[in-house]
Structure formats: structure tokens, C-alpha cells
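Summary of the model geometry
What follows is each chain in one-letter form.
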Amino acid sequence: MATALHWFFNTLDRRRTFHLLIALNALVAVATLWLSRATFLSDGWSYLGLAEGLLHGEYSMWWPLEAEYPDTFRAPGYPAFLAFFIKIFGTWKSVYVVNAVLYGVALFLTLRVIERLDPRRSTRSLFLLLLLPLMNVPYYIGQLYTEIPVLAAFSLVLHLIVGRGRWSIGTAVVLGLTLGFVHLCKPIYMLLPLALIIASVIKDRRNLDIRGHAIMMVTFFLVLLPYGLWNQRNHDQFKVTPIEGGGGYMHFAYWCGKMPGYTDHFSLGNFTGDEVIRFTPEDSVPKHIAAFEREWAFINAQTRPLLTAKDSIMLNSRDKLPYVAEPTYNTRFAMTRERLLKERAFALMWNDPWYTLAYKSYSAVRLWVIGIQRADFAAASTGKKVEMLYATLSTGLLFLLGITMIPLAYSRKVISLRDTWPLLLLVVYTGLLHVPFTIQSRYTVCVRFAMLGLLSLACAAMWQRYGGASVANRVGDR
């Protein structure tokens, strides 16, 4: 076994192997895009609608209508990103090329970060080898989703922080701008700059970078300020996140495990997965569906009187738009419904602690492991079944490897928390902050490079310490 591992790491350390793995990853990305070329995921329409709205002077999916319907549901970072490239190139399809470039940039920067922490080429080759089976990452190159731009942004953040000393003014400004963009794409990362500062202070209390941290936070706030002012003007509330969305996803997330295979017809038309592991007996599902619908009857009874004639015009105008748009109700309706959904979500979880704990523990795993839906699997062809199993096994095995090798490497002190904390922080923050919401493994795509980088460092360091001390620290050719 030791001899085989010795040969394995020596092979990974060769320049030819490194270049071959880069080429194979490029081929996997191209193959993934080719196989998924006919797929356009649903959220892309709303992002595209908002981008078109910005180009027509309104932040709204309903810009073709005479009245204004200021958006309530999405932050403007990604729509502005789309609008910029549509304006430059004249077509939204140009974003696919931009995504491909950003994917390459993210890969390059991540490899540089790994090299800074471990100069052996074998560690970078191991990262490329671990990335090879993850087709769910390059898949988003061909979608109008936030995943690839945020993946590139996080790779830049790591490149600026990992292995560096005190931040220059330029570095702090770029960090603030980048993290501001991330927040405006994915508002769940609002607290990430503060988490970075807290972790940095804990790491080195005697050498605080007060100037760098202050400049980053001021820049971050200035990036968010226009959106807060826009919300103030349009929704009478200074808020740097959308005025609705989080409460609805928390409420729906509670019910997902209780009514598998159900499609919501009250809000955004989301559906609940019929997971391999169930959290309720099959004969109890109708009862839970009835309870969920009573919840919405209660909420609708309080919000329906708030609907206006303008809302009716919006709902009756869907066929007039060139794409599918999500309803954008008036401010009072949206904020009242959001408050009620959030209150109900917390009350339900508090009063049902054992189910909540079990289902959220499962959710924490499923964020990293692509699941199999029972009905889809049963109806699939043999080829599709193989695809589903491959997606689950590839992500599942890497998850198991990560939760065993990374803690083990830290406990054995073969990798230093002092040096690798930014990678660990991104992974832990993303995993924890998404647990209260609906299960979607795409939420972790933007930190997959950080996770695989940390895993490759852990595996390589464990081998060097306990089995491969004779593997040279050379990085030249053999």
C-alpha cells in the first residue's frame, strides 16, 4: 500500500501529469456543457428579466408594463452583471463565454493559493484530480446563475488573503468591492466580511490590521449603499437585502421533509424532493399537505386584503412578457407576507425540535451531496439512472473524504489552521448559513474550489508526514 501511494504521489508531482490533469478538466467542462446544452434552469429567466429591466431604466421583471413594479425578491448584483455584458456584446449568450473565462480564472487563482501553502506540484495535481469527477461545477458555466461569478470572486478573495500579511490599501479596497459584489449576488454572505475580520483577529491578536479591515468594511458598505437607498425609495425601508425571500424559503424548508413529492401552488411553485431517506411515514403525507395548505390559508387571509388593482394588472399580464416572471406584489403585501412566513417558520421549528434537528442534519449533508429523487429514478432510463448514481457517488465520496481527512489533518497538525483558515471559513460559513433554507446542492458550488483545495492540502500533508517522507519536496521535472 505504501509503495502504491509513493508511486501515486510521485506521479502527481510530475509536470506532465499536472498538464494532463488540466487538459482532462477542460475536456470534462466541455463535455458537461455539451451534454447540458439544451437545459436552461428556471431562475435564469428572472435574472434575465431583471437585467433587461435595468437596461430599460427599471429594476423590475415587469418593465414592459406601464406601471412600475420595483423588485422585492432578488438582489441586483447578478442582474447588473448580466446587463453589463448584454450591453457590451448585444446578447445574453455572451455570458456563457464570460462564465468560461471566469471558471478558468477561478481555477488559476485557486492553484496559486494551493501553491503558496504547499509548493509541491503533487498537491495541485491532487486538487485537479479531485475536481475531475465534479461535473456539477462546470455545469453552471452554461447557466444564467450566480454560481460561477461567485466562485471566481471567492477564488480572488482567497488569493488576496491566504499567506499574506497586512493588507495594502489596494488589497483592502479590492476585497471590499469583491465581497460587496458577492453579497449583491448572494445576500446570505452579508456577514462574511465580519466573519473574516473576527477570524483574522482570533488568528493574530497581536498584529491587528485595523486599517485594512476598516477600509474593506467601508468599501463593502459603499458597494451596498445604492441598493439600500433604492429599497428606501421604492419600499420605504433602508435594507441591503431583498425585502422578501428568506422567510418563504425557511418556511417551505421546514415542510419539505414532511410532504415529499409536493408542488407548492401558493408562492413560487417550488417542489419538494422525494428523497431516498424520508422523514415522515408515507401515510402521514396527506395530513402534512393539508396542514401546509392551512398555513397558507392563514397567511393569505391576512395578506389578500393588501392586494391592489396594480397587482391584478401585473398578474393578468404574464402572457405579455417575453419570458416567465415571478409575481412582484406591492411593498406592504410583500413585507407582511415575509414577516408572517418567518414567524411561522421559527414557531414550527421550535415546536417540532426532533424532526427539525434530524431533517436539518440531513440538509447539512445534502448541501454537499447531490441527491436522488425516488420518482425520477424509478422513471429514468438505464443511462439516466447511471448519471444519477454517478452524481450522488462522486459528490458523496468527496464529502466523506473531506469530513474525515480535513479534521484529521488539523488534529494531527499536518496542516496549519493559522495558514488555511480562510479556506475553512468559506466552507464552514457556506455550509452552516444555508442549513435553515431549502436543500439545493448548487448552493455549495461557489466554494467547491475552496473545499477541494483544503482537502488536497490535507491529503498531501498526511501522506508526507506518515507515509511519504521520502517523496521529495522538489517541484521540478522527473
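Scroll up to find the structure.
Residues numbered from 1 in each chain as written. Predicted model: local features only at pLDDT ≥ 70, side-chain atom pairs only at ≥ 80, totals over all residues. Heavy atoms only, no water.

**Notes on the overall build of the protein**
We count it as follows: Put simply, DSSP marks the helices as runs of H or I at least four residues long and the strands as runs of E at least two long, and each gets a number from the N terminus on. Here the radius of gyration uses the C-alpha set of atoms, whereas the globule reference equals 2.2 Å times the residue count to the power 0.38. Exposure categories follow from relative accessible area, calculated using a 1.4 Å probe and restricted to protein chains: below 20% of the type maximum is buried, above 50% is exposed, and the middle band is partly exposed. Throughout, a contact is declared for two residues whenever any of their heavy atoms are within 4.5 Å. Note on areas: Shrake-Rupley, 1.4 Å probe, and residue coverage restricted to the protein chains presented here. Under the convention used here, Asp and Glu are negative, Lys and Arg are positive, and both His and the chain ends fall outside the count. By convention, the point assigned to a charge is CZ for Arg, NZ for Lys, CD for Glu and CG for Asp.
In terms of regular secondary structure, the protein is built from 19 helices and zero strands. Rg of the C-alpha trace for the protein: 24 Å, near the compact-globule value of 23 Å for 478 residues, within the 12% margin. Buried residues in the protein amount to 53% of all 478 residues. A separation threshold of at least 6 residues defines the contact pool for the protein, and within that pool the share at least 24 residues apart is 76%. Of the roughly 22300 Å² of accessible surface on the protein, 65% is carried by carbon and sulfur atoms. Placing the 47 positive and 31 negative side-chain charges of the protein at their respective mean positions leaves the two points 10 Å apart.

**Focus: the packing of helix H9 (residues 192-203) against helix H18 (residues 417-434)**
Counted only if it meets this: Axis definition: a line fitted to C-alpha atoms, limited for helices to the stretch in contact. Angles are taken between N-to-C directions and run from 0 to 180 degrees. Any angle that falls under 35 degrees is termed roughly parallel, while one over 145 is termed roughly antiparallel, one within 65 to 115 roughly perpendicular, and all others oblique. What makes a crossing left-handed is the near helix being turned counterclockwise from the far one by less than a right angle; a clockwise turn instead makes it right-handed. In this classification, Asp, Glu, Lys and Arg are treated as charged, Ala, Val, Leu, Ile, Met, Phe, Trp, Tyr, Cys and Pro as nonpolar, and every other residue, Gly included, as polar.
For the pair H9 and H18, interaxial distance at closest approach is 11 Å and the crossing angle is 150°. Between H9 and H18, the angle is such that the two are roughly antiparallel. Note that H9 runs across H18; the crossing there is right-handed. Each of Leu192, Ala195, Leu196, Ala199, Ser200 and Lys203 in H9 lies in contact with H18, whose residues at this interface are Arg418, Trp421, Leu425, Leu426 and Tyr429. Of the residues belonging to the contact of H9 with H18, the class tally is eight nonpolar, one polar and two charged.

**Overview of the pattern of salt bridges**
Quick reminder of the rule: Salt bridges are identified by distance alone: a Lys or Arg side-chain nitrogen within 4 Å of an Asp or Glu carboxyl oxygen.
Taken as a whole and judged by the stated rule, the model has 15 salt bridges. Glu343 is the partner of Arg339 in a salt bridge, and the nearest nitrogen-oxygen pair spans 3.3 Å. Placement of both Arg339 and Glu343 in helix H14 (residues 331-351) is noted, with a separation of four residues, approximately one turn of the helix.

**Some thoughts on the side chain of Glu295**
When you line up the elements, Glu295 lands in helix H12 (residues 285-303). Here Glu295 is in contact with His251, Trp255, Arg344 and Leu348, once residues within four sequence places are set aside.

**A look at the environment of Leu321**
Structurally, Leu321 can be placed in the loop between helix H13 (309-315) and H14. The class for Leu321 is buried, based on a relative accessible area of 9%. For the pair Leu321 and Trp63, spaced 258 residues apart in sequence, the C-alpha to C-alpha distance is 9.1 Å. Setting aside anything within four residues of it in sequence, one finds Leu321 in contact with Met61, Trp62 and Pro64.

**Focus on the layout of surface pockets**
Heads up, the condition is: Only protein atoms enter the 1 Å grid used here. Points where a 1.4 Å probe fits but cannot escape make up a cavity, open sets with protein on both sides within 12 Å along at least five of seven lines make up a pocket, and a residue lines them when an atom lies within 4 Å of a point. Grid points are joined across faces, edges and corners, and a volume is the space filled by probe spheres set on the points.
Within this model, the second largest pocket holds a volume of roughly 430 Å³. Around the second largest pocket sit 27 residues that line it, and Phe266, Ser267, Trp296, Tyr329 and Arg337 are the ones nearest its centre. Here the lining of the second largest pocket is composed, by residue class, of 13 nonpolar, seven polar and seven charged.

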